[in-house]
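Descriptive structure summary
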Amino acid sequence: MSSIPTKIGLIAGRGRFPIYLAEALKQQGVGVYCLGVINHADPVLQTMCDEWLPLGLGRLQTAFRFFRRHGLTHGTLAGGINRRALLDPFLIWNQLPDWYTFRTFAPMFLTRRKDSTADTLLGAVVNAFDQNGFKLLPATDLIPDLLMKRQKLTRRGPTAAEWKDVCYAWKIAKEMGRLDIGQSVCASGLAILSVEAMEGTDACIRRAGSLWPGKGFTVVKVAKPQQDMRFDVPTFGLTTLQAMYESGARVLAIEADKTIFIDRQDVVDFANRHDISIVSITGEDSEQEASPFAEYSG
């Protein structure tokens, strides 16, 4: 975009990313009008934003009215949505969806004419906003510095053996992304320990740790080949590093220019303190036999 709108509708899911984004937008003088997804969004957003409204997963018409009432033409999605909740057979009773939402998601949950992957579900939300005159923007258009550039972030880089696991897991993660299953893969000794599905990255890491206790492993997190930067963009912060440390993971490789990185200084300090390696790499890097980063520096 050539310029950022003077006010933005923030549809906030779980995690710290919506908080980080709201803070960054407010610092730029942008008005932030937040729809906090119930049982997902952190209540602290209520004190940070110009307006706040709790939003049920089934209330698209409420969201449209909120946007119109505050004169919003642009919005953005930030934070995770619990897809297990969406697949709950009692969703229709628990969330009491309005007619517009019911009609929008009927092909996924009633007639089953469409699948229930993240791309399909969140793509339907984006299309619904667009059809009602509201443009949902990638958060990275609003705050470009959210994306991680190609670099080694920590003192320690991957060992030769760990680099082989990075390259191997990268290929698997890209294929899982192409199938819209998940974005993260854990590997050790050129064997896959766990693949992320709807449980999320941190749970995927903890599962790998339970299968491979005390032996160390590598985590790779990538964007989908067909990644829509408006939603489900790979994101990591301090909670991911904490899950890695508690599970025994030794290396995190993320995709450069496609991954949102929050809590940066806290993450790097935590990783260095616990001798965890973090590298941000490209697809070209993943095809190299040797790591482009020194194992140790500083």
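Scroll up for the structure.
Residues numbered from 1 in each chain as written. Predicted model: local features only at pLDDT ≥ 70, side-chain atom pairs only at ≥ 80, totals over all residues. Heavy atoms only, no water.

Focus: the sheet that holds strand β7 (residues 184-188)
The line we're drawing: Paired strands are those between which DSSP finds at least two bridges. Only runs of H or I of at least four residues qualify as helices and only runs of E of at least two qualify as strands under DSSP, and these elements are numbered from the N terminus. Every residue pair with non-hydrogen atoms within 4.5 Å of one another is taken to be in contact. A fitted line through C-alpha atoms serves as each axis, taken over the contacting stretch for helices, and the angle formed by two N-to-C directions is quoted from 0 to 180°.
Strand order in the open sheet formed by 6 strands is β6-β13-β11-β9-β7-β8, and the pairing between neighbours is mixed. At either end of the open sheet lies a strand with only one pairing partner, and these are β6 (151-152) and β8 (191-195). Note that β6 and strand β13 (residues 277-281) share 2 bridges and pair antiparallel. Residue pairing across strands places Gln 151 opposite Ser 280, the latter belonging to β13. The strands touched by helix α10 (residues 201-211) are β7, β8 and β9 (217-221); relative to β8, the strand with the most contacts, the crossing angle is about 135°.

Structural notes on the pairing of strand β11 (residues 249-255)
Short version of the rule: Exposure is judged per residue with a 1.4 Å probe applied to protein chains only, and the accessible area is read against the type maximum: over 50% gives exposed, under 20% gives buried, and values in between give partly exposed.
Of all 7 residues making up β11, 6 are buried, and the element is well covered by its neighbours. The sheet contact formed by β9 and β11 spans 5 bridges and is parallel. Looking across to β11, one finds that Val 219 is bridged to Leu 252.

Things to note about the layout of surface pockets
Cut-off, in case you're wondering: Computed over the protein atoms alone on a 1 Å grid, cavities are sets of points where a 1.4 Å probe fits but cannot get out and pockets are open sets with protein on both sides within 12 Å along at least five of seven lines; a residue lines them when it has an atom within 4 Å of a point. Grid points are joined across faces, edges and corners, and a volume is the space filled by probe spheres set on the points. Nonpolar residues are Ala, Val, Leu, Ile, Met, Phe, Trp, Tyr, Cys and Pro. Charged residues are Asp, Glu, Lys and Arg, and all others, Gly as well, are polar.
By volume, the second largest pocket is sized at about 200 Å³. Taken together, the elements giving at least two residues each to the lining of the second largest pocket come down to α6 (99-109) and α7 (118-131). Sorting elements by how many residues they give to the lining of the second largest pocket places α7 first, with 6 residues. The residue inventory of the lining of the second largest pocket, partitioned by class, reads 5 nonpolar, 5 polar and 2 charged.

Description of the sheet that holds strand β3 (residues 51-55)
Spatially, the 5 strands line up as an open sheet ordered β3-β2-β1-β4-β5, and their pairing is parallel. Of all the strands in the sheet, the pair left with one neighbour each is β3 and β5 (135-137). Here the strands of the sheet are splayed against their neighbours by 25° on average, with no regard to which way each runs. With 3 bridges joining them, strand β4 (residues 74-78) and β5 adopt parallel strand pairing. Across the sheet, the residue bridging to Thr 76 is Leu 137, located in β5. This element, helix α3 (residues 60-69), spans β1 (7-12), β2 (31-37), β3 and β4 of the sheet and lies at about 170° to β3.

Points about the side chain of Glu 199
Here is the rule we go by: Contacts described as polar in this section are N or O atom pairs within 3.5 Å, which, within protein, must combine one atom able to donate a hydrogen with one able to accept it, while residues neighboring in sequence count only if both atoms come from side chains.
On the secondary structure map, Glu 199 appears in the loop between β8 and α10. Assessed through its relative accessible area of 19%, Glu 199 is described here as buried. A distance of 2.8 Å separates the side chain of Glu 199 from the backbone nitrogen of Ala 197, its partner in a polar contact. Polar side-chain contacts of Glu 199 include one of 2.6 Å to the side chain of Arg 207. If we ignore the near neighbours within four places in the chain, the residues touching Glu 199 are Cys 204 and Arg 207.

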